[in-house]
Amino acid sequence: MEPKSVDRSHPAALPPRSARRKRRRGRLLYRAALTMLAAAALFAGWFFLTPSGTAVRYMMADTLITTQHRHWAKYLIGEEGLERQVAKYMEQFERMSEVRPTIAVDVPPPEEPDEPKQPLVEIEPISGDKFKGYLLIVRDPKKIRLVVPEKPGKGEKVSSMVKRTGAIAGVNAGGFVDPEGMGNGFQPTGIVIAGGKFYYNDGSSDKATSIVGIDKDGRMVAGKYKPSEMLTKGVQEAVTFSPQFIVDGKGLIPNQASGWGIAPRTCMAQTKDGTILFAIIDGRQPHSIGATLYDVQQLLLEKGAVIAANLDGGSSTVLVHQGEIVNKPASPYGERYLPTAFLVFEHPEQVLVNNVWAGLDMSKFDPKKW
């Protein structure tokens with residue numbers, strides 16, 4: 001007896017519509033999963049095995065190295081790779097800090113009463129492919145003072161320093177002890193010089209350290225010096241930070257790969273005519289990812305800088321003008337509390353900056369305690 005034939009075109013012979021839909025969805029999901037796995041495999045091969053992928057990977061690692069989450073970089077380049085990269089930058093910064101300038105800056109004499117007076121301060125927007133920020137232009141370098149917190153035990157916001165002292169404008173300056181990104185901004189790293197006097201020094205009197213500042217003649221000083229050399233050079237206002245990256249109008253950073261990652265930046269420069277330039281660049285935000293030091297170097301060279309150096313960046317980066325914050329700090333909590341700021345005054349000789357660290361035993365100080 002022949003088997004009974006079934007008419008597959010008849011509705012009664014087909015699986016329920018819901019079952020057919022489930023099978024179709026299952027096939028689509030299976031194909032999508034295979035496509036994603038293939039794409040992931042291709043991406044991993046490019047990311048870890050090709051020169052272009054390796055360049056991106058190391059740029060991402062360098063960017064993490066500039067944050068308080070430095071240890072995350074090991075997931076991109078390994079623990080040994082992280083150690084090598086940090087050591088490479090420290091060696092690079094050390095070499096750059098040893099370069100001495102040979103071109104003298106021409107600091108202009110005070111304006112005569114009958115001369116047309118230029119504005120002391122101007123703010124100019126700046127931008128690049130991946131960043132936005134501002135250039136604070138200060139025409140008279142002798143109008144800049146380094147200011148420190150008023151009360152011991154805690155740093156101070158730059159906007160508070162500006163308001164308290166009556167400054168025209170201000171930017172963040174030196175670094176500070178910042179355990180796990182929770183520092184209270186009071187304990188500086190390195191040295192602090194204000195009004196030609198040492199306010200703070202966490203090293204020995206014979207140990208050279210990298211500084212960024214201005215001497216008594218209004219010339220910018222950057223690079224590595226011993227405290228005795230700083231006094232000889234007449235350093236008037238300064239903090240410890242590095243690296244210097246423009247000397248004699250030439251950039252010391254060779255390319256983007258040596259630019260120490262993408263981050264918010266605060267940098268200081270001076271042109272041949274004595275004008276001080278502060279570059280303040282936002283980062284870690286949709287409107288501005290951030291800049292490498294190579295980006296800032298090229299921008300400042302275009303502006304005529306003959307000397308330039310890095311200041312504290314990241315979440316500390318801030319520009320205050322006429323009591324208002326001009327940029328957008330990277331921290332979701334707004335301004336950070338800091339130990340130092342470069343402020344601009346019409347009459348800097350009238351500004352009193354008390355040494356908030358005088359007489360304190362900083363070895364007993366907890367930099368995380370608020």
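Look up: the structure comes first, before these words.
Report follows, based on the coordinates. (Residues numbered from 1 in each chain as written. Predicted model: local features only at pLDDT ≥ 70, side-chain atom pairs only at ≥ 80, totals over all residues. Heavy atoms only, no water.)

1. Quick look at unusual backbone geometry
Heads up, the rule is: The helix and strand labels rest on DSSP assignments: H or I over at least four residues marks a helix, E over at least two residues marks a strand, and numbering proceeds from the N terminus. Exposure classes here rest on a 1.4 Å probe applied to the protein chains alone. A residue is buried below 20% of its type maximum, exposed above 50%, and partly exposed in between.
Each neighbour pair has its own omega, and for Ser242 with Pro243 the value is 5°, a cis peptide bond. Relative to the elements of secondary structure, Pro243 occurs in the loop between strand 9 (235-240) and strand 10 (244-247). With a phi close to 60°, Arg284 is a non-glycine residue in the positive phi region. Looking at the secondary structure, you find Arg284 in the loop between strand 13 (276-281) and helix 6 (293-302). For Arg284, a relative accessible area of 36% translates into the label partly exposed.

2. A closer look at the pairing of strand 1 (residues 121-127)
The condition is simple: DSSP bridges decide pairing: two strands pair if at least two such bridges lie between them.
Here seven bridges tie strand 1 to strand 2 (residues 132-138), and the two strands are oriented antiparallel to one another. Following the sheet pairing, Glu122 is matched in strand 2 by Ile137.

3. Looking at the pairing of strand 17 (residues 341-344)
Burial of strand 17 is two-sided: the residues Ala341 and Leu343 facing one way and the residues Phe342 and Val344 facing the other way are all buried. Both strand 3 (residues 144-147) and strand 17 contribute to a ladder of four bridges, which runs antiparallel. Across the sheet, Val147 pairs through a bridge with Ala341, a residue of strand 17. Here strand 4 (residues 169-172) runs beside strand 17; their pairing, made up of four bridges, is antiparallel. Bridging from a neighbouring strand, Ala169 pairs with Val344 of strand 17.

4. A few points about a nonpolar patch on the surface
How we decide: Only residues above 30% relative accessible area that lack a salt bridge enter a patch, with like-charged residues linked at up to 9 Å and the nonpolar side chains Val, Leu, Ile, Met, Phe, Trp and Tyr linked at up to 5 Å. Surface accessibility in these figures is a Shrake-Rupley result with a 1.4 Å probe; residues are shielded only by whichever protein chains are displayed. Each reported salt bridge corresponds to a side-chain nitrogen of Lys or Arg within 4 Å of a carboxyl oxygen of Asp or Glu.
A cluster of nonpolar side chains, Phe43, Trp46, Val56 and Met60, forms an exposed patch at the surface whose accessible area comes to about 350 Å². Those elements that provide at least two residues to the nonpolar patch are helix 1 (17-49) and helix 2 (51-65). Along the polypeptide, Phe43 turns up in helix 1. What makes Phe43 partly exposed here is its relative accessible area of 47%.

5. Description of the packing of helix 1 against helix 2
Here is the rule we go by: Orientation is described by lines fitted to C-alpha atoms, with helices fitted over the stretch in contact, and by angles between N-to-C directions that extend from 0 to 180 degrees. For classification, angles of less than 35 degrees are called roughly parallel, those exceeding 145 degrees roughly antiparallel, those between 65 and 115 degrees roughly perpendicular, and all remaining angles oblique. Contacts are assigned to residue pairs that have any heavy atoms within 4.5 Å of one another. Gly falls in the polar group here, along with every residue not listed as nonpolar (Ala, Val, Leu, Ile, Met, Phe, Trp, Tyr, Cys, Pro) or charged (Asp, Glu, Lys, Arg).
Across the interface, helix 1 lies against helix 2 with an axial gap of 5 Å and an inter-helix angle of 75°. Judged on the interaxial angle alone, helix 2 and helix 1 are roughly perpendicular. Residues Trp46, Phe47, Phe48 and Leu49 of helix 1 lie in contact with helix 2, whose contacting residues are Pro51, Ser52, Gly53, Thr54, Val56, Arg57 and Met60. Grouping the constituent residues of the contact of helix 1 with helix 2 by class yields seven nonpolar, three polar and one charged.

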